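Remarks on the overall topology
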Amino acid sequence: MSNTVNVIAARPLSGILKAISLEPPAWSRLEPQSFTGDPSPGIEARIHDPLWLIARQWQFGEFQGEDAGTPIAMHVSMTSRRISAWKPGGQNPETPGRPLGADHSIEPEVEREPPASHGVGLRQRAEAGALLVSALAEAGFEVGKALSQAFALPVDDEPPADVPAALWQADPMWRTIARASPDGEAVAASIEAAGAGNPAWLSGASADAAAVSREWLDWYRSQVSRPAGSNDAWLRERLEYQFAIRTGNPNNQAVFRAPAHDGGPVDWYSFDYLPDETLAVDGEAADPAAEVAKTMTMLATPLRYAGMPADRLWQFEDGLVNFGRIETQPHDLARLCFVEFSTVYGNDWYTIPVDLPAGSFTQFSEVAFTTTFGERFVVTQADDSGRSGHFRMFGLSVSGGPTMLPGLLIPPGGRVSQEGKALEDVVFLRDESANMAWAVEKTVQGKSGDPRSRSSEPQVQPPDAPLAEGTDLRYILETTVPANWIPLVPLPTSPAQGGFELRKGTMTDKDESLGEILDPTPFTLKEEEVPREGVRVRRVPAVCRTADGQMVRWIARRVSIAHGEGASRLAFDGTTNQPGV
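If you're wondering where the values come from, they're calculated on a predicted model, not measured in any experiment. (Residues numbered from 1 in each chain as written. Predicted model: local features only at pLDDT ≥ 70, side-chain atom pairs only at ≥ 80, totals over all residues. Heavy atoms only, no water.)

What to know about the side chain of Thr443
Rules: By definition, any uninterrupted DSSP run of H or I lasting at least four residues is a helix, any uninterrupted run of E lasting at least two residues is a strand, and each is numbered from the N terminus. Whether two residues touch is decided by their heavy atoms; if any such pair falls within 4.5 Å, the residues are in contact.
Tracing the backbone through its elements, the reader meets Thr443 in strand S17 (residues 436–445). Setting aside its immediate chain neighbours within four residues, Thr443 contacts Ala422, Leu423, Glu424, Asp425, Pro451 and Arg452.

Some words on the pattern of salt bridges
Any two side chains of opposite charge can pair, so long as their charged atoms come close to each other. Filter applied, for reference: What counts as a salt bridge is simple: a side-chain nitrogen of Lys or Arg found within 4 Å of a carboxyl oxygen of Asp or Glu. Buried means the residue's accessible area, taken with a 1.4 Å probe over protein chains only, is under 20% of the maximum for its type, while exposed means over 50%, and partly exposed covers the values in between.
With the rule as written, the count across this model stands at 28 salt bridges. In this structure, the salt-bridge partner of Glu457 is Arg454, at a minimum N-O distance of 2.8 Å. A relative accessible area of 8% places Glu457 in the buried class. Shared partners join several salt bridges into a network, and the residues in it are Glu113, Glu424, Arg539 and Arg557.

Re the environment of Ser417
Assignment of secondary structure puts Ser417 in the loop between strand S14 (408–410) and strand S15 (418–419). Each C-alpha atom, one on Ser417 and one on Asp519, is 26 Å from the other, the two residues being 102 residues apart in sequence. For Ser417, the residues in contact, after removing those within four places along its chain, are Val543, Cys544 and Trp554.

Let's talk about the pairing of strand S23 (residues 535–545)
As a reminder, the rule being used: Two strands qualify as a pair provided that DSSP identifies no fewer than 2 bridges between them.
In terms of strand pairing, S15 meets S23 through two bridges, oriented antiparallel. Among the inter-strand pairings, Glu419 is bridged to a residue of S23, identified as Ala542. The sheet contact formed by strand S16 (residues 424–431) and S23 spans five bridges and is antiparallel. Its bridge partner being in S23, Val426 is matched across the sheet by Val537.

A look at the packing of helix H9 (residues 184–193) against helix H10 (residues 207–223)
Basically, it comes down to this: Lines fitted to C-alpha atoms define the axes, with helix axes restricted to the stretch in contact, and inter-axis angles between N-to-C directions lie between 0 and 180 degrees. Every angle not falling under 35 degrees, over 145, or within 65 to 115 is termed oblique; those three ranges are roughly parallel, roughly antiparallel and roughly perpendicular. Handedness of a helix crossing follows the sense of rotation of the near helix relative to the far helix, less than a right angle counterclockwise being left-handed and clockwise being right-handed.
Direction vectors running N to C along H9 and H10 enclose 120°, while the axes themselves pass 10 Å from each other. Relative to H10, H9 is oriented oblique. For the pair H9 and H10, the sense of crossing is left-handed. Contacts between H9 and H10 involve Gly184, Glu185, Val187, Ala188, Ala189, Ile191 and Glu192 on the former and, on the latter, Ser213, Arg214, Trp216, Leu217, Tyr220 and Arg221.

Structure follows, in structure tokens:
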């Protein structure tokens, strides 16, 4: 580097070149200058041929003035109808409707399971019993020890008929817990058996203690152990939820059905409008607050977004979003239309902020605006009935037809629900090697109600069959598979429909499934519900708070994509030279 500097310094170079080469670099500010000292001509942005531009404007009809004013005020007239009832299942008119309070969330109502086939686990029973003892103590009635003796936890009870005794063992710690926590299920049964009166263990209790026991019973039956006969919105053959909701009063209602909800937050796109459907609730009276009409007037707010072209001539635009650098092709019409809207028509749109009540369906009877000239214009709804395609915004599809119902549906959802570790995990997959479909129970609930892995269970061993004398090979009719691999047997459907369905089978002489997802027997599943990548279904505990601050808990089911095909290693008609294999 020093030699280069010496050579440059020795040559007769100009002062500017020496400054660039030898002086340390520095930042310089570029400023526009004019020969006359007046920057006004440059700011005016004069053009060479203004007459040519005027002629082009005339050719494109830009001189046909419309005397259009700028919107300054927006007027919105709307009617909101509160979601007041719902029912599980499809379009069965015999299914009764259920009331839905204004502060209730729809997810717990839809996803809450019916009573479990093996009952409530020891953990849930003990926690519920301990909660009752604590609540009664706060009401001044100490009965914890008596309840624990009269309603002891069933730690050593007999297993269900379909569960092996070795898999129905409780941890020794539950015997210690049983000394202080009564069986919540047995206590609830005793309160229900007493009817309108009090059970024997409540004798001598105050009215406050009796009221506490009734409140606890309502909580236990709604959030821990539902009573027998509770309806279920889970559609087993489709592995999805199906339910309907109703807005408004019984004499002025609209019914929306969710034909295929996978679980999780319920939103407007899950529903279709049923124009000929009604939903009635026994003993229901009309609620004047279920339907509210409102008219609002607000300032017109132009639409603004990142990268929007600037309105002023000398205003610099945001360089973080550059629509001019979007790479596209001539056949990419969607991207071209997006760029054209963003750069040309973006300043023609206005936003109308409207606050809508949660858990309601709102229809707008009129949207109008007032201009700077004092004129009032009504904005009509976009109509696409005259063309083959359809453009839909702010509406719900009508079931069985190409039309839509205009309006905004906001389900009463609890989007901040928390989910715990899966209590049960089942993977439905295909096994191309064996040409079969399987339901693999990875995790199920044990006697305590906690999840346990089925892979740790004792596996079925093949019979001990030594090689016969004078032979080198032994014939194997069929290899064994783990007990938690439940086969799905194809059954043909009716000749008119064609195809087949999948029904739960067994590799032994009994049903090997132990969980709730594959219950009951027979369990039938549509064949198209098990794709090549597989389906994973989990039962997870969920909890959320409603609008009035109450805590709600339930067990939900979550459906997701699995990890592809599986291999059960099931084979027929094989040979081996190993004995007992």
